[in-house]
Amino acid sequence: MNLPNKISLVRICMVPVFVVLALMEMQWAQYAALAVFCIASATDFLDGQIARRRNLVTNFGKFIDPIADKLLVMSALVVLVGQGRMPSWVCIVMLAREFAVSGFRLVAAGSGRVIAAGWLGKIKTVSQMAAVILLMLFTLPDGTAPLGEAGRTVAQVVMYFSAAMTLVSGVDYIARNFDCIRDM
């Protein structure tokens, strides 16, 4: 197993650590969870850079990297909804997009076709990670905004931008790959 794939697996292993910390009510645990999420998010960029620069792109990597991203981000979104830091409908939109795109990927794989992530999908992932980071930084589970209301507003704006990018990238992905279903 090459280094980028090991990094993706480490990101998956960081998800339960993040969740356990994020579910603890102590403020130090919230910031520890934020740190774990930030490090895990950085590994997403790191494994891709290493894979491309060293020509270590593998089919396993194409499979495991998006799964690691989805596990990390979706776990964070569910925790944030449970804590009242994010509206449930935003999480539902993001989950629905991931299920739809994953379904398209399965259909394509059944036809022997691998569909790579596009730029809109990458922007979507980065915006989702940024939204999680800002929501965790600027809101606490008890509803307070430790760094002020301006921070909470910024976090919410990024969250709604992320929801919009999630929809746009999902529609773009389906439109670009609709022939996977049409050819069935």
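The coordinates are above.
Here the structure is a predicted model, which means the values were calculated and not measured.

1. Considering the packing of helix α4 (residues 88-110) against helix α6 (residues 149-176)
Right, so step 1: Axis separation between α4 and α6 bottoms out at 10 Å; the angle between their running directions is 20°. Judged by the angle between their axes, α4 and α6 are roughly parallel. As for how α4 packs across α6, the hand of that crossing is left-handed. Along the contact surface, α4 presents Trp 89, Val 90, Val 93, Met 94, Arg 97, Ala 100, Val 101, Phe 104 and Arg 105, while α6 presents Met 159, Tyr 160, Ser 162, Ala 163, Thr 166, Leu 167, Ser 169, Gly 170, Tyr 173 and Ile 174.
Right, so step 2: In terms of residue class, the contact of α4 with α6 is made up of 13 nonpolar, four polar and two charged.

2. Some thoughts on the pattern of salt bridges
Right, so step 1: Summed over the entire model, instances satisfying the criterion amount to nine salt bridges.
Right, so step 2: The closest approach of N and O atoms between Arg 11 and Asp 44, which form a salt bridge, is 3.7 Å. Placement of the pair is Arg 11 in helix α1 (residues 3-23) and Asp 44 in helix α2 (residues 27-53), with a sequence separation of 33 residues. An identical accessibility class is assigned to Arg 11 and Asp 44; each is buried.
Right, so step 3: The partner of Glu 98 in a salt bridge is Lys 70, and the shortest N-O contact between them spans 3.0 Å. Taken together, the positions of Glu 98 in helix α4 and Lys 70 in helix α3 (residues 59-82) put the pair 28 residues apart, joining distant regions of the chain.

3. Quick word on the nonpolar core
Right, so step 1: Ranked by internal contacts, the top residues of the largest apolar core, which has 33 residues, are Phe 18, Phe 37, Leu 77, Met 86, Val 132 and Met 136.
Right, so step 2: Those elements that provide at least two residues to this core are α1, α2, α3, α4, α5 (119-138) and α6.
Right, so step 3: The contacts of Met 136, once residues within four sequence positions are left out, are Phe 18, Ala 22, Gln 30, Ala 33, Leu 34, Leu 80 and Arg 85.

4. Here's the deal with the side chain of Ser 41
Right, so step 1: Its place among the elements puts Ser 41 in helix α2.
Right, so step 2: Ignoring any residue separated from it by four or fewer positions in sequence, one finds Ser 41 in contact with Leu 72 and Met 129.

5. Side note on the side chain of Asp 44
Right, so step 1: Look at Asp 44 and you get buried, because its relative accessible area is 16%.
Right, so step 2: Leave out the neighbours within four places in its chain, and Asp 44 touches Arg 11, Asp 65, Asp 69, Thr 125 and Met 129.

6. So, the packing of α1 against α3
Right, so step 1: Between α1 and α3, the least distance of the axes is 9 Å, while the angle of their chain directions is 10°. The orientation of α1 relative to α3 falls into the category roughly parallel. Packed against α1, whose contacting residues are Asn 5, Ser 8, Leu 9, Arg 11, Ile 12, Val 15, Phe 18, Val 19, Ala 22 and Leu 23, the element α3 presents Phe 60, Gly 61, Ile 64, Asp 65, Ala 68, Asp 69, Leu 71, Leu 72, Ser 75, Ala 76 and Val 79 at the interface.
Right, so step 2: Looking at the contact of α1 with α3 residue by residue, the class counts come to 14 nonpolar, four polar and three charged.

Reading the values: the criteria
- Residues numbered from 1 in each chain as written.
- Predicted model: local features only at pLDDT ≥ 70, side-chain atom pairs only at ≥ 80, totals over all residues.
- Heavy atoms only, no water.
- Axes fitted to C-alpha atoms, helices over the stretch in contact; angles between N-to-C directions.
- Helix = DSSP H or I, 4+ residues; strand = E, 2+ residues; numbered from the N terminus.
- Parallel < 35°, antiparallel > 145°, perpendicular 65-115°, else oblique.
- Left-handed = near helix turned anticlockwise from the far one by under 90°.
- Contact = heavy atoms within 4.5 Å.
- Nonpolar A, V, L, I, M, F, W, Y, C, P; charged D, E, K, R; others polar.
- Salt bridge = Lys/Arg side-chain N within 4 Å of Asp/Glu carboxyl O.
- Buried < 20%, exposed > 50% of the residue type's maximum accessible area, 1.4 Å probe, protein only.
- Core = buried A, V, L, I, M, F, W, Y, C linked by side-chain atoms within 4.5 Å.

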